[in-house]
Amino acid sequence: MTQARRIGVFGGAFDPPHLAHRALLEAALHELKLDVLHVVPTGDAWHKPRVLTEAAHRLAMVQLAFADVPGICVDSREINRTGPSYTIDTLREIAGQAPGAELFLIMGADQAAALTSWRDWQAILQLAIISVATRAHSLDTNDSIEAERLFPERFFHLGLPALHVSATQIRSNIASGQPVQTLVSEPVARYIADHHLYQSH
Ligand code: ATP
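Every value quoted in this text rests on a predicted model; they were computed, and no experiment measured them.

Caption draft 1: Region of interest: the pairing of strand E5 (residues 128-133). With six of six residues buried, E5 is to be regarded as a mostly interior element. Burial along E5 is two-sided: the residues Ala128, Ile130 and Val132 and Ile129, Ser131 and Ala133 are all buried. Relative to E5, strand E4 (residues 102-108) is paired through six bridges, and the arrangement is parallel. Bridge pairing links methionine 107 to valine 132 in E5. Note: E5 against strand E6 (residues 155-157), three bridges, orientation parallel.

Structure, rendered in structure tokens:
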């Protein structure tokens, strides 16, 4: 009997993609023994309070940041879709393209704590195992995943240590002229400089 394909889905604004994202997706590929991991930059993020950088820049940076990792598929479907990006739509499409596959939705604890506010969150849990990475500076959210309290069997915690990196910090460093070399890969740093991104708050 052939084993079901194991497919990971890792969505985000990636504004910009950083080294904690990369550590997280490498840990997920390895720990969950994924055949493929779709990295899905969001189009229109309904749940983020700020306007995101143009999708074409975020997609280009995601390619530079992760495309060399074996098993990664940079997936532009949410950027190509019109209207708000809903994870349930993405999961349904991927599930429809790979009948019988096991799906794993990868996210940091901050996103997992907000999961019950996502569109059709119970359907998300039926389609995918929520695979959570501890988020530094959010000890409260690391402890309080409401959806996990209700459906503990649909959650998995990755063994990755908490990493003190966020896109917010990177944008703020750039705007105030601070270095970002330890936070993003060299090609991403060069892309940001070449396109003058994040130079003001
Ligand atoms: P921002 O600071 O702009 O909110 P971010 O650093 O959280 O951005 P996103 O692109 O929003 O980056 O994150 C995509 C996914 O990666 C989310 O599930 C988020 O929880 C997760 N993530 C981002 N940074 C980390 C980190 N340092 N540790 C664990 N998970 C992370």
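Structure's up, so let's keep going.
Caption draft 2: Seen up close, the pairing of strand E1 (residues 6-12). Of the pairings in the sheet, the one linking E1 to E4 comprises five bridges and is parallel in character. Bridge assignment links arginine 6 to a residue of E4, and that residue is glutamate 102. Bridge analysis of E1 against strand E2 (residues 36-41) gives six bridges, and the strand direction is parallel. Bridge pairing in E2 places glycine 12 opposite proline 41. Running through helix H1 (residues 19-31), the crossover from E1 to the neighbouring parallel element E2 is right-handed.

Caption draft 3: Helix H10 (residues 186-194), seen in detail. All of the buried residues in H10 are Val188, Tyr191 and Ile192. Each buried residue of H10 lies within a common arc of 100 degrees when the element is viewed along its axis, so the set occupies one face. For H10, exposure combined with an orientation more than 90 degrees from the buried face picks out Glu186 and Asp194. Buried residues in H10 make contact with helix H2 (55-66) and helix H9 (167-175). Once H10 finishes, histidine 196 follows within two positions and takes phi at roughly 55 degrees, a positive value.

What counts and how
- Residues numbered from 1 in each chain as written.
- Predicted model: local features only at pLDDT ≥ 70, side-chain atom pairs only at ≥ 80, totals over all residues.
- Heavy atoms only, no water.
- Buried < 20%, exposed > 50% of the residue type's maximum accessible area, 1.4 Å probe, protein only.
- Helix = DSSP H or I, 4+ residues; strand = E, 2+ residues; numbered from the N terminus.
- Pairing = 2+ DSSP bridges.
- Right-handed = clockwise from strand over helix to strand, strands pointing away.
- Arc of directions from axis to C-beta.
- Contact = heavy atoms within 4.5 Å.

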